[in-house]
Amino acid sequence: MPHQEALTVIARIKPGQVPALKAVLGTIADHGERWVIVPFAQLANVHFARFVVFDETTDLDGNPLSPQLALMTNVDAPLDGHLNELATVCGAGLDRVFEYCEEYPASAGRSPATRLSFLRDHQVAARAFYVNRQGRTVRQIVGEEELRRAINSHLDSTEFSRHPPEAVRRSIVSFVGDRSDLAWALHPAERPALTWRIAEVIHQIGIALLAIVFLPLLLLVSPVLVFLLRRHEKRDVPDTSRAPADSVRRLRADEDYWVQNQVTAVGLFKPGLFRLVLATAILQLTDYAVRHIYNRGSLSGLSSIHFARWVSLDGRRRLFFTSNYDGSLESYMDDFIDKAAWGLNAIFSSGDGFPRTCFLFCGGITDEKAYKRFLPTRQAQSQVWYSAYPHLTTKNVANNAAIREGLSGQMSEEDTRTWLRRFGVGNQLPESGLIARIFDSIRWDRLCRCK
Amino acid sequence: MPLQVDDIQGIILYGYGHLRHACFLLLGISEPSATRAWLKTLDVLSGRFNREEVDRCLNIAFTSGGLRRLGLSDDLMTEFSTEFREGMGATPHRQRILGDSDESSPDNWRWGGPGTPEPHVLLMLYARNEIALSELLSEQQSRFATAGLTPLAQLETTWLPQEKEHFGFRDGLSTTGIEGFHNNTSPANTIAAGEFVLGYLNAYGQYTQRPLVDQSRDPIGLLPHAPEDSTRGDLGMNGSYLVFRQLSQDVTSFWRYCDEQTRQRDGASNAAARTRLAAKMVGRWPGGAPLVKSPEKDDPAFSGENDFLYHAEGDVHGLKCPIGAHIRRTNPRDSLEPDPGSDRSIEVGKRHRVIRRGRAYGAPVVSSMDAADVLAAGDRAGERGRHFLCFNTHIGRQFEFIQHTWVNNPGFDGLYDDDDPLIGDRGGSYGKTAGTFTIQADPVRTRVTGMPRFVQVRGGAYFFMPGIRALRFLGSL
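Draft legend 1. Highlighting the overall build of chain B. Within chain B, the secondary structure is distributed over 14 helices and 16 strands. Relative to its length of 477 residues, chain B is compact, with a C-alpha radius of gyration of 22 Å against a globular reference of 23 Å. Taken along its principal axes, the extent of the C-alpha atoms in chain B is 75 × 50 × 45 Å. Residues classed as buried in chain B amount to 55% of the 477 residues present. Contacts in chain B between residues at least 24 apart in sequence constitute 67% of all its contacts with a sequence separation of at least 6.

Draft legend 2. Fine view of the overall build of chain A. Counting secondary structure elements, chain A contains 17 helices and 12 strands. Radius of gyration (C-alpha) of chain A: 24 Å, near the 22 Å computed for a compact globule of 451 residues. Taking the principal axes of the C-alpha coordinates as reference, chain A spans close to 70 × 60 × 45 Å. The long-range share in chain A, meaning contacts at least 24 apart out of those at least 6 apart in sequence, stands at 80%.

Draft legend 3. Local environment of the sheet that holds strand β6 (residues 128–131) of chain A. Residues and elements named next belong to chain A. On the basis of which strands lie adjacent, the open sheet formed by four strands has the order β6-β8-β9-β7 and antiparallel pairing. Strands with a single pairing partner mark the edges of an open sheet, and in this sheet they are β6 and β7 (260–268). Mean inter-strand twist for the sheet, computed between neighbouring axes without regard to direction, equals 10°.

Draft legend 4. Broad picture of the domain arrangement of chain A. Residues and elements named next belong to chain A. Here chain A is partitioned into domain 1 (4–133 + 193–387) and domain 2 (138–188 + 393–447). Taken over C-alpha atoms, the centre of domain 1 sits 32 Å from the centre of domain 2. Taken together, the contacts link 23 residues of domain 1 with 16 residues of domain 2. Within the residue set of the side of domain 1 that touches domain 2, elements represented by two or more residues are β2 (46–54) and α12 (341–348). Residue composition of the side of domain 1 that touches domain 2, by class: eight nonpolar, 11 polar and four charged.

Draft legend 5. Layout of the interface of chain B and chain A. The interface of chain B with chain A comprises 36 residues on the first partner and 40 residues on the second. For the side of chain B that touches chain A, the elements supplying multiple residues, two or more each, are α6 (92–98) and α13 (399–407) of chain B. Along the lines of polarity and charge, the residues of the side of chain B that touches chain A split into 12 nonpolar, 15 polar and nine charged.

Draft legend 6. Quick look at the nonpolar core. Residues B:Leu122, B:Met124, B:Leu125, B:Leu242, B:Val243, B:Phe463 and B:Phe464 are the most contacted members of the largest nonpolar core, which totals 120 residues. A domain-level breakdown of this core finds at least three residues from each of domain 1 (5–244 + 460–475) and domain 2 (250–353 + 363–387 + 413–457) of chain B. Leaving out residues up to four positions away in the same chain, B:Phe464 has contacts with B:Ala61, B:Phe62, B:Leu67, B:Phe80, B:Phe84, B:Gly239 and B:Tyr241. Listed in part, the 84 residues of the second largest apolar core include A:Phe129, A:Val311, A:Ala346 and A:Ile347.

Draft legend 7. Highlighting helix α3 (residues 79–88) of chain A. Residue and element names in this part refer to chain A. Buried residues of α3: His82, Leu83, Leu86 and Ala87, and no others. Projected onto a plane normal to the axis of α3, the buried residues spread over an arc of 135° and lie on a single side. Looking at the buried residues of α3, the elements they touch are β1 (4–12), β5 (68–76), α4 (91–98) and α5 (112–121).

Draft legend 8. Layout of the domain arrangement of chain B. Residues and elements named next belong to chain B. Taken domain by domain, chain B holds domain 1 (5–244 + 460–475) and domain 2 (250–353 + 363–387 + 413–457). Placing the centre of domain 1 and that of domain 2 at their C-alpha centroids yields a distance of 30 Å. Opposite the 35 residues of domain 1 that make contact, domain 2 presents 34 residues. Residue composition of the side of domain 1 that touches domain 2, grouped by class: 13 nonpolar, 14 polar and eight charged.

Draft legend 9. Spatial organisation of the confidence of the model for chain B. Mean pLDDT over chain B works out to 97, with 100% of the residues at or above the 70 mark. For this predicted complex, the interface score ipTM comes out at 0.96, while the overall pTM is 0.97.

Draft legend 10. Spatial organisation of the pairing of strand β16 (residues 455–465) of chain B. All names here are of chain B. Counting buried positions along β16 gives 11 out of 11 residues, so the element sits mostly inside the fold. Relative to β16, strand β10 (residues 240–249) is paired through 10 bridges, and the arrangement is antiparallel. Note that in β16 the partner of leucine 247 across the bridge is valine 457.

Draft legend 11. Representation of the packing of helix α7 (residues 165–178) of chain A against helix α15 (residues 413–421) of chain A in the model. All names here are of chain A. Contact geometry of α7 with α15 gives a least axis separation of 9 Å together with a crossing angle of 60°. On the basis of their axis angle, the class for α7 and α15 is oblique. Of the two elements, α7 crosses α15, and the hand of that crossing is left-handed. The residues of α15 that touch α7, namely those facing Pro165, Glu166, Val168 and Arg169, are Glu413, Thr416, Arg417 and Leu420. The residue makeup of the contact of α7 with α15, split by class, is three nonpolar, one polar and four charged.

Draft legend 12. Here's a closer look at unusual backbone geometry. A cis amide bond, omega 5°, links A:Ala77 with the succeeding residue A:Pro78. Position of A:Pro78 relative to the elements: it lies in the loop between β5 and α3. Here the bond from B:Glu337 into B:Pro338 is cis, since omega is 0°, no more than 30 degrees from zero. For B:Pro338, the location among the structural elements is in the loop between α10 (326–330) and α11 (343–349). If you check the backbone angles, B:Asp102 has positive phi at about 50° while not being a glycine. Within the fold, B:Asp102 resides in the loop between α6 and β3 (121–127). On the basis of neighbour counts, which here come to 13 C-beta atoms within 10 Å, the residue B:Asp102 falls in the partly exposed class. Here the phi dihedral of B:Asn238 falls at roughly 70°; this positive angle occurs in a residue that is not glycine. Secondary-structure assignment places B:Asn238 in the loop between β9 (229–234) and β10. Overall, B:Asn238 belongs to the buried group, with 28 C-beta atoms counted inside 10 Å.

Draft legend 13. Broad picture of the sheet that holds β2(A). All names here are of chain A. Taken together, four strands build an open sheet; the order of strands is β1-β5-β2-β12 and the sheet is antiparallel. Because the sheet does not close on itself, it has two edges, and the strands there are β1 and β12 (382–387). Averaged over all neighbouring strand pairs, the angle between strand axes comes to 10°, with direction disregarded. The pairing of β1 with β5 spans nine bridges and is antiparallel.

What counts, and at which threshold
Residues numbered from 1 in each chain as written. Chains lettered and ligands numbered in written order. Predicted model: local features only at pLDDT ≥ 70, side-chain atom pairs only at ≥ 80, totals over all residues. Helix = DSSP H or I, 4+ residues; strand = E, 2+ residues; numbered from the N terminus. Rg over C-alpha atoms; globule rule 2.2 N^0.38 Å. Buried ≥ 20, exposed ≤ 12 C-beta atoms within 10 Å, placed from the backbone. Contact = placed C-beta atoms within 7 Å. Pairing = 2+ DSSP bridges. Axes fitted to C-alpha atoms, helices over the stretch in contact; angles between N-to-C directions. Domains from an automatic or database assignment. Nonpolar A, V, L, I, M, F, W, Y, C, P; charged D, E, K, R; others polar. Core = buried A, V, L, I, M, F, W, Y, C linked by C-beta atoms within 7 Å. Arc of directions from axis to C-beta. pLDDT = per-residue confidence, 0-100. Parallel < 35°, antiparallel > 145°, perpendicular 65-115°, else oblique. Left-handed = near helix turned anticlockwise from the far one by under 90°.

Given below as structure tokens:
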């Protein structure tokens, strides 16, 4: 079973073509669940997809930054297969969108091969990429939801209240086995490829060893670093402006059609070498943390994100962040303040205008007013957004996987009881790893005090 | 900082349980200068009063349109909350957040929607008896012409038998207390003042957004000083946002549904099973006992009980009180992340609370409030329901969050197709079909499906209820 990848393609929009491109893209509010021009639903392996236009703006020195179009997908590996599908199945749609961009093949020269080389040439690697849980394919997620629905109907059709748990489980297993369209579920889901898993372990251990080697040096210079950090933090100028009401209204108009939502935020890095080095280090740590520490469905107690990524833009002058999550933007912001403020502060305080932090982890978005005012000023509109399963929460996906897992193998009476409860509610998440639990037990908000 | 009780309108702090007769008037401002003059003389009850002495009283609140009409400038208006400024029925997005679709769409509202004149003022009248209320009403009405006010709607209320709401359940038990002021609520239900009254520290230990006024615009110093900036007057201080929704309840449909779902094999009604299903939906028995305390019967010993948790009392899996029950999702107590069952879970939950001050309206289907009598009565003419009123200082994080993230969310706390069985919108606001209610049980859950919507919205608006000094300031604009 493949792991999941993030594809990002960024292209510069031809001068004067932004309005025409936006007209083709339309808005999420226009599209409903499916957008016809690029039919992502016809691709086998796409979890999420979006198109975002980054409008023309300037950097901190006033230099112009040209408008750009980003195509982003979250897919099951291999990425090559996905790129091929995009260039063929969605070829006509890509033409209609990317013809407003520079370097896209002219109409005479468009073919799957030229599209493919355009996509490859404009592909950008994410600085960090979060997956709620690696290894669940689109097919698995959609199939396991059908499975759960079918089993639920079976449970409705019989009175089980006086049966022992084992008997109920046996009845479910035999029901699934009798259904030729569901019998696949009696085998456990495959794990990601061995080679990929080995590479991940090597990465996990390798970076950790590297960190241990450099730790003494880091500790030695840490007083200097902390001094520099505080000096920068005190000099930071938080952006206290408010986003224009009509642009906020436009963003909200695209939200809350399903349980899932999306957000795209973009900003300039703070100037200076110190901030550059710090931002680079933090993004590296973020990549490491989401791959190896927060990889069991919970980001510091925040469990509502399906996929997220951080990508550099305009060399390394800007960074954008996108995520696919459950619930409203209000609940998303509250979740971050309540559960993961320290992590969000560390990452996004590299961004110009961010609410003032205190020793990197404190302050920042814990100022509710400042955070909720700031975020809309950095939001970019996702013009097109696709989800293969817009009605499923991360908890639903995890619970369905656990239901399927419980159809095979031996189970104790207690485990059977616990498993059967998953048909009543799916709020039991797998426990986080040891390091994650240590981080989560820290009350970051009480660690530091600044004036 | 202690609450400035004498500057806070009384209804924010108290439910006026001794003033059982009430009516709400929606008014339009036709002559702002006359209305301002009227405001200066209006006798509004503050939180400092003696129950024995107060037989009748008034409270007042304004929509954002009302404040603009009174002459509040745009730059001050933008400092009020976005939700309040935009209004309850104003955008398709807010309709999705609130679940106000189809029959409940603002287009069909009797008041507050796009098809009816915008209310500017809400005048709330309370009295000890019917006569006192009608006297108060006619006194007030006689002043409307000179006060430049146009009556738009008069909303009556009823005090139902046995402290119940129309479905037949004891109501008003889950009370929210203000820290340092109400001293009879349990710690888990006692919340920072700033969550309900502007100008005080909220549950984040911060001051919620509100308009502050330069001294030049308040030369005689009518307004209290902002606690975080004493050079500025605080227009929000001692005020609160009032959420008002007129919710009609289809009592017959509710009990018919419970009856049909619990019939015996021979087709006969099963009164005990019917009540049990309804209690599972609510999370309390009709007499008020919470299921988590008394899972098997309506125990009168627990009828007023509100000091309980879910995880801490062992109901992690919803086997006593279902995960999706009305009271477990409108106030999850210690149920949710982070770390369910912990103080941190309760602490985070405290950022999503409101103070409820609603009243019932319409005659009950039967005065016994009993399900069997409701079913025997057949279709009764007339409408009944609840004027749902609640106070909060951050509408988006409190009322709207509860409504969207908890009440209408079919995926609440790991569920799939279950919105609030009592007041949910059946999936409309999440673009799917919900209306399933799952009763967690061992060895395996049971569930009912295809629930109709029992509660519809007939009108609504967001109001700002100013402090008493702020009211004088508005009168002097």
